[in-house]
Amino acid sequence: MIGWIIALISGALMSIQGVFNTEVTKQSSIWVANGWVQLTAFLVCLIGWFITGRPGIGGLWQVDQKYMLLGGVMGAGITWTVIQSMEKLGPAKAVMIIVVSQLLVAYLIELFGIFGVEKVAFQWKKALGMGLAIVGIVLFKWE
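If you're wondering where the values come from, they're calculated on a predicted model, not measured in any experiment.

Caption draft 1: Here's a closer look at the side chain of S85. Turning to its location among the elements, S85 is positioned in helix 3 (residues 71–89). Setting aside residues no more than four positions away along its own chain, S85 makes contact with G90, A94 and I98.

Caption draft 2: Representation of the pattern of salt bridges in the model. The full count for this structure, using the stated rule, is 1 salt bridge. The closest approach of N and O atoms between K26 and E23, which form a salt bridge, is 3.1 Å. Of this pair, K26 and E23 both sit in helix 1 (residues 2–27), 3 residues apart, roughly one helical turn. Among the residues examined, K26 registers a relative accessible area of 54% and is labelled exposed. Exposure remark for E23: the relative accessible area of 36% places this residue in the partly exposed category.

Caption draft 3: Expanded view of the packing of aromatic side chains. Going through the model one piece at a time under the given rule, you end up with 3 aromatic pairs. Centroid distance W49 to F50: 5.1 Å. Interplanar angle 65°. Geometry classified as edge-to-face. F50 sits in the partly exposed class, given a relative accessible area of 45%. Ring centres 6.1 Å apart and planes at 50° place the aromatic pair Y67 and F115 in the tilted group. Of this pair, Y67 sits in the loop between helix 2 (30–51) and helix 3 while F115 sits in the loop between helix 4 (91–112) and helix 5 (124–141), placing them 48 residues apart in sequence.

Caption draft 4: Expanded view of a nonpolar patch on the surface. A cluster of nonpolar side chains, contributed by Y67, M68, L70, V73, M74, I78, L104, L108, F112, I114, F115 and V117, occupies part of the molecular surface with about 1,100 Å² of accessible area. When residues of the nonpolar patch are traced back to their parent elements, those giving at least two are helix 3 and helix 4. By the element assignment, L108 lies in helix 4. A residue is classified by how much of its surface remains accessible, and L108, at 34% relative accessible area, is partly exposed.

Caption draft 5: Spotlight on the packing of helix 1 against helix 2. Across the interface, helix 1 lies against helix 2 with an axial gap of 8 Å and an inter-helix angle of 135°. In terms of axis orientation, helix 1 runs oblique to helix 2. Considering the relative orientation of helix 1 and helix 2, their crossing is right-handed. Of helix 2, the residues touching helix 1 (which contributes Q17, N21, V24 and T25) are I30, A33 and V37.

Reading the values: rules and limits
Along each chain, numbering runs from 1 in the same order as the chain's sequence is written. Local features in this predicted model are restricted to residues of pLDDT 70 or higher, and side-chain atom pairs are both shown and tallied only at a pLDDT of 80 or more, whereas totals for entire chains, interfaces and linings draw on every residue. The side-chain figures draw on all heavy atoms in the structure; neither hydrogens nor water molecules are used. Only DSSP runs of H or I reaching four residues or more are called helices, and only runs of E reaching two or more are called strands; each is numbered from the N terminus. Two residues form a contact once any of their heavy atoms are found within 4.5 Å. Salt bridges are counted wherever a side-chain nitrogen of Lys or Arg sits within 4 Å of a carboxyl oxygen of Asp or Glu. Relative accessible area decides the class of each residue, using a 1.4 Å probe on protein chains only: under 20% of the type maximum gives buried, over 50% gives exposed, and in between gives partly exposed. Whether two aromatic rings pair depends on their centres lying within 6.5 Å, for rings of Phe, Tyr and Trp, where Trp uses its six-membered ring; planes under 30 degrees apart make the pair stacked, over 60 edge-to-face, and the rest tilted. Patch membership is restricted to residues that have no salt bridge and whose relative accessible area is over 30%. Joining uses 9 Å for like charges and 5 Å for the nonpolar side chains Val, Leu, Ile, Met, Phe, Trp and Tyr. Throughout, the Shrake-Rupley method with a 1.4 Å probe supplies accessible areas, and for residues the shown protein chains are the sole cover considered. Here an angle of 0 to 180 degrees is reported between the N-to-C directions of two axes, which are lines fitted to C-alpha atoms, with helices fitted over the stretch in contact. For classification, angles of less than 35 degrees are called roughly parallel, those exceeding 145 degrees roughly antiparallel, those between 65 and 115 degrees roughly perpendicular, and all remaining angles oblique. By convention, the crossing between two helices is left-handed when the near helix turns anticlockwise from the far helix through less than a right angle, and right-handed when the turn is clockwise.

See below:
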């Protein structure tokens, strides 16, 4: 149950953050807003690191697949794409497409066992659910 609650909070925070970042971009620029997001996230992480006991950062250099360290680079890309999509589509449409994209890519990662994730068998009900989500976007966009 706690996983569901955390996931719901995560989705809400992502939507609100996207709106905030889009508004900051309108009053500054995309890279200033993106830089601010990454800087403030770093500061929050630094505070959390100090509060929780400061385990050594040397573990980063022991990560087997070094490409896994590109999460921060992807974070900057995520912030940029969320801001751009919300500005061009509006929050509701942008988030619907973003979420379906997340579902599709996550399912493909599981289906093919990419990046060391445990491989799962194809299930028609999951494919049907993805199709329904896509139909939902089309219906929501239909004016």
